[in-house]
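Topology and contacts: notes
Below are the chains, spelled out letter by letter.
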Amino acid sequence: MFHYPDDLKHIDRDVTVIAVTKKQSSQNIQHALDFGLRHFGENRVQEADAHWRDLRRVYDDVVLHLIGPLQSNKANDAVALFDVIHTIDREKIARAVKSEMDKQRKNIPCFIQVNTGDEPQKAGISLDNLDEFYTLCKNDIGLDIIGLMCIPPIDANAAIHFRLLKQRGENLGLKYFSMGMSGDYQSALACGATHLRIGSALFGERH
Ligand SMILES: *Cc1c(COP(=O)(O)O)cnc(C)c1O
């Protein structure tokens, strides 16, 4: 059941709450739309298409955020469907997305995903390679990089990762920080998040 937490109603600055609708029922999605939410996150291109293809004809002000890893052979569909991409993390993807944007004449703001915990199983560019990768994306490839995104390691003190991400982004002149999920969004807010990606705290557990 959809439920909007009270503490998200009283944020004292401009923060985008992205309702993550992966694995949610169409009923839950409809409740979020009825409540007035317009920013939605999905982590798979195909599932996002199934959830949103028809709904977007009705709700033309919906903003769809891709928050999951992207394969370059899906760049075509991803660029067609999404309005913001949070998961640019390697050159091949950056180039594939840019080339699709040119083909489709669509400019999509992007976040670079950073693997702040250096976890081998997790997507994201390493902190060591971040500055170089940012320069490549911006100057050589020509992507519209607006900020950084991270998912802290499960057992870590999330605030350490959020602060680090913000610091590194600000050093690059970036203004937007996609950080904070159901379990740690308050910490992310305290650390300067501008985009929260929240699933289970809004919808309950995924099935
Ligand atoms: C699923 C997912 C979320 C939302 O997770 P919750 O813990 O349910 O809020 C946020 N970000 C990413 C990248 C996700 O894959």
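So, how was this worked out
- Residues numbered from 1 in each chain as written.
- Predicted model: local features only at pLDDT ≥ 70, side-chain atom pairs only at ≥ 80, totals over all residues.
- Heavy atoms only, no water.
- Axes fitted to C-alpha atoms, helices over the stretch in contact; angles between N-to-C directions.
- Helix = DSSP H or I, 4+ residues; strand = E, 2+ residues; numbered from the N terminus.
- Parallel < 35°, antiparallel > 145°, perpendicular 65-115°, else oblique.
- Left-handed = near helix turned anticlockwise from the far one by under 90°.
- Contact = heavy atoms within 4.5 Å.
- Nonpolar A, V, L, I, M, F, W, Y, C, P; charged D, E, K, R; others polar.
- Expected span 1.5 Å × (residues − 1).
- Buried < 20%, exposed > 50% of the residue type's maximum accessible area, 1.4 Å probe, protein only.
- Pairing = 2+ DSSP bridges.
- Right-handed = clockwise from strand over helix to strand, strands pointing away.
- Near = heavy atom within 4 Å.
- Polar contact = N/O pair within 3.5 Å; in protein donor to acceptor, adjacent residues only side chain to side chain.
- Areas by Shrake-Rupley, 256 points an atom, 1.4 Å probe, with all protein chains shown as cover.
- Salt bridge = Lys/Arg side-chain N within 4 Å of Asp/Glu carboxyl O.
- Core = buried A, V, L, I, M, F, W, Y, C linked by side-chain atoms within 4.5 Å.
- Disulfide = S-S within 2.5 Å.

Considerations on the packing of helix H5 (residues 91–104) against helix H6 (residues 127–141)
It is at 11 Å that the axes of H5 and H6 come closest, and there the two elements cross at 25°. On the basis of the axis angle, H5 is roughly parallel to H6. The crossing of H5 and H6 is right-handed. Residues Glu91, Ala94, Arg95 and Lys98 of H5 pack against Phe133, Leu136, Cys137 and Ile141 of H6. Among the residues making up the contact of H5 with H6, the classes are represented as 5 nonpolar, no polar and 3 charged.

Description of H5
End to end, H5 covers 20 Å across 14 residues, agreeing with the expected 20 Å (1.5 Å per residue, within 8%). Tucked into the core, H5 has its buried residues touching helix H4 (75–81), strand S4 (84–88) and H6. Positive backbone phi, approximately 50°, marks Arg105, located one or two places after H5.

Focus on the pairing of strand S1 (residues 16–20)
Within S1, 5 of the 5 residues are buried, which leaves it mostly tucked inside the rest of the structure. The side-chain alternation of S1 yields two buried faces, one formed by Thr16, Ile18 and Val20 and the other by Val17 and Ala19. Bridging between S1 and strand S2 (residues 39–42) involves 2 bridges; their strand directions are parallel. Following the sheet pairing, Val20 is matched in S2 by Gly41. Traced from S1 through helix H1 (residues 26–35) to S2, the parallel crossover comes out right-handed.

A word on the site of the ligand
Taken together, the residues surrounding the ligand are Val20, Lys22, Asn43, Ile67, Ile151, Met181, Ser182, Arg197, Ile198, Gly199, Ser200 and Arg206. One of the side-chain nitrogen or oxygen atoms of Ser182 is found 2.5 Å away from an oxygen atom of the ligand. Separating a nitrogen atom of the ligand from a side-chain N or O atom of Arg197 is a distance of 2.9 Å. When isolated, the ligand has an accessible area of 390 Å², and the protein chains bury 90% of it. A breakdown of the residues in the shell around the ligand according to their chemical character gives 5 nonpolar, 4 polar and 3 charged.

A closer look at the pattern of salt bridges
Within this structure, the stated rule accounts for 12 salt bridges. Ionic pairing is found between Asp54 and Arg57, a salt bridge with its closest N-O pair at 3.2 Å. We note a salt bridge from Asp131 to Arg168, for which the minimum N-O separation is 3.1 Å. Pair noted here: Asp131 is in helix H6 and Arg168 is in helix H7 (residues 158–171), with a separation of 37 residues, a long-range link. With relative accessibility at 37%, the residue Asp131 sits in the partly exposed group. Judged by relative accessible area, which is 19%, Arg168 ranks as buried.

Things to note about the nonpolar core
One finds Ile88, Ile112, Leu143 and Leu196 to be the most contacted residues of the largest nonpolar core, which totals 62 residues. It is H6 that provides the largest number of residues to this core, a total of 7 residues. Among all residues touching Leu196, those that are not within four sequence positions of it are Leu8, Ile11, Val15, Thr16, Val17, Ile18, Met179, Gly180, Tyr185, Ala188 and Leu189.

Focus on the state of the cysteines
Under the counting rule described, the total for this entry stands at 0 disulfides. In this model Cys191 remains outside any disulfide bridge; the closest cysteine sulfur is found in Cys150, 9.6 Å from its own.

By themselves these figures say nothing about function.
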